[in-house]
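The lines below spell out each chain.
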Amino acid sequence: MPDEKIAADDTPDDNDQIRPDRLAAAVIPAWLPRAYLLAAATVAGIVVTFWALMRLHGLLTVLVVSLFLAFAIEPAVNWLAARGWKRGAATLTVFVAVTGVLVGFVWAMGGLVVGQVSTLIENLPRYTQSLVTWVNSTFHTDVSVTDLTDRSSDLSSSLQSWALNLAGDVWGIGTTALGVLFQGLGVLLFTYYFAADGPRFRNAVCSLLPPRRQQHVLRAWDIAVEKTGGYLYSRALLAFFSALAHYAAMRVLGIPSAFALALWVGVVSQFIPTVGTYLAGALPVTVALAQNPRTALWILGFIVVYQQFENYVLQPRVTATTLDMHPAVAFGAVLAGAALFGATGALLAIPVTATAQAFLSAYVRRYDVETPEAPADGKA
């Protein structure tokens with residue numbers, strides 16, 4: 001019958017049925033499992049890389065700081081090596097000179113701190129009486145020295161308990177100090193090797209790259225050495241002029257510890273970015289204020305005047321051939337470096353930015369800006 005024929009024709013044949021394995025092969029492409037494996041391997045590699053970077057953060061910081069310190073002293077080492085010195089001896093000589101300057105600075109500042117603290121302790125009763133007299137006469141109060149003594153006793157008790165709690169954590173303080181000392185020695189060791197074996201280390205790095213890449217790496221390396229060394233030497237020269245001028249001013253004004261204070265002003269104002277000028281000027285003003293308020297005003301005025309002279313006359317001439325950077329760019333670089341790497345990033349921000357700026361200016365082409373000519377009738 002026709003209906004039975006139609007039913008028989010609608011019955012699926014065994015050859016027309018799709019088996020599950022053929023269906024899976026038809027739906028899932030052959031490349032998809034490999035793609036999944038590649039994605040999983042990529043994610044695992046990223047996770048392992050970030051884990052290793054977090055674990056090796058201290059070592060990487062030491063290496064970066066050492067590399068830029070080696071860049072800073074390499075011009076002096078090259079200068080000595082060009083005059084017949086062995087590179088190891090030249091590096092050691094520069095190291096000894098820099099270490100001597102740092103030790104002299106710390107020694108002078110240590111003597112200044114000890115002397116000022118001793119003077120403050122000796123004159124504390126007189127300062128307290130003068131302060132009480134000024135407060136009573138200015139604000140029409142009736143404060144006595146006894147009240148301040150009682151309050152200072154309570155404050156000293158609080159400070160004493162805090163000091164005892166701090167002293168109880170001797171193990172933590174000792175561990176931190178030992179870690180800082182170990183990192184400092186690591187920086188010195190790597191800096192010495194990077195500077196002493198600079199050409200050999202440079203050749204070892206470039207030997208892993210094709211010839212075209214080698215030229216770019218060598219160019220960037222030379223720019224980094226030039227800018228970092230120029231930054232250090234220009235700042236050292238500005239620090240010398242600043243210390244000399246402030247020493248003369250403090251000697252004329254009769255401020256005690258003039259040499260140590262002038263050395264503080266010169267070093268801190270030049271080598272601490274952004275806030276160095278304010279930190280440098282605060283200490284001599286405070287010392288002068290303890291002696292005579294009028295002397296403090298005189299030295300404050302001299303600091304402000306000299307800062308203007310340095311910014312507009314001295315610094316442009318000293319840094320014209322070493323570090324040409326807009327103040328806004330330098331300020332932004334310091335903020336970015338501090339946000340990313342803390343105090344180390346703030347100190348290295350300016351030479352790193354100067355290196356990047358010089359490298360980009362060497363490879364990025366600039367064009368003159370053409371302004372459109374005004375119409376003859378003067379209408380837009």
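Quick caveat: nothing in here was measured; it's all calculated off a predicted structure. (Residues numbered from 1 in each chain as written. Predicted model: local features only at pLDDT ≥ 70, side-chain atom pairs only at ≥ 80, totals over all residues. Heavy atoms only, no water.)

Here we take up the overall build of the chain. Looking only at helices and strands, the chain has 14 helices and zero strands in total. Counting over 380 residues, the chain shows a buried share of 25%. Taking the contacts inside the chain whose residues are at least 6 apart along the sequence as the reference set, 64% of them involve residues at least 24 apart. Looking at the chain as shown, the accessible area adds up to about 26,600 Å², and 69% of this sits on carbon and sulfur atoms. (Helix = DSSP H or I, 4+ residues; strand = E, 2+ residues; numbered from the N terminus. Buried < 20%, exposed > 50% of the residue type's maximum accessible area, 1.4 Å probe, protein only. Contact = heavy atoms within 4.5 Å. Areas by Shrake-Rupley, 256 points an atom, 1.4 Å probe, with all protein chains shown as cover.)

With that out of the way, let us pick up the environment of Cys206. Along the chain, Cys206 falls in helix H9 (residues 198–206). C-alpha of Cys206 to C-alpha of His216: the two residues are 10 residues apart in sequence and 9.7 Å apart in space. Ignoring any residue separated from it by four or fewer positions in sequence, one finds Cys206 in contact with Gln214, Val217 and Leu218.

The next point concerns the confidence of the model for the chain. On average, the chain scores 77 in pLDDT, and the residues at 70 or more come to 77%. The secondary structure element of the chain with the lowest average pLDDT is helix H1 (residues 2–10), at 48, and the one with the highest is helix H11 (residues 258–271), at 88. Here residues 4–9 is a poorly scored stretch, pLDDT under 50, and it has zero contacts once near neighbours within four places are set aside; other chains count. (pLDDT = per-residue confidence, 0-100.)

Turning our eyes to something else, we now look at the nonpolar core. Formed by 19 residues in total, the largest nonpolar core has its most connected members in Leu112, Met250, Ile255, Leu261, Val285, Ala288 and Ile299. Looking at this core, the elements with two or more residues in it are helix H5 (87–122), helix H10 (211–253), H11, helix H12 (276–291) and helix H13 (293–318). Among the elements that line this core, the one with the most residues is H11, at five residues. Once you skip the residues sitting within four places of it in the chain, Met250 turns out to touch Ile255, Ala258, Leu261, Ala262, Val265, Pro284 and Ile299. (Core = buried A, V, L, I, M, F, W, Y, C linked by side-chain atoms within 4.5 Å.)

The next point concerns a nonpolar patch on the surface. Taken together, Ile46, Phe50, Leu53, Leu56, Leu59 and Leu60 make up a surface patch of nonpolar side chains, about 540 Å² in accessible area. If you list the elements that add at least two residues to the nonpolar patch, you get helix H3 (31–55) and helix H4 (57–81). The element contributing the most residues to the nonpolar patch is H3, with three residues. Judged by its relative accessible area of 36%, Leu60 is partly exposed. (Patch = residues over 30% accessible without salt bridge, like charges linked within 9 Å, V, L, I, M, F, W, Y side chains within 5 Å. Salt bridge = Lys/Arg side-chain N within 4 Å of Asp/Glu carboxyl O.)

This part is about the packing of aromatic side chains. Aromatic ring pairs: the centre-centre distance and the angle between the two ring planes describe each pair. For the structure on display, the rule yields 11 aromatic pairs. Taken together, a centroid distance of 6.1 Å and an interplanar angle of 50° make the contact between Tyr306 and Phe309 tilted. With Tyr306 and Phe309 both in helix H13 and three residues apart, this pair spans about one turn of that helix. Given a relative accessible area of 8%, Tyr306 falls into the buried group. What links up through ring pairs into an aromatic cluster is the set Phe68, Phe71, Phe190, Phe194, Phe201 and Trp221. (Phe/Tyr/Trp six-rings, centres within 6.5 Å; stacked < 30°, edge-to-face > 60°.)

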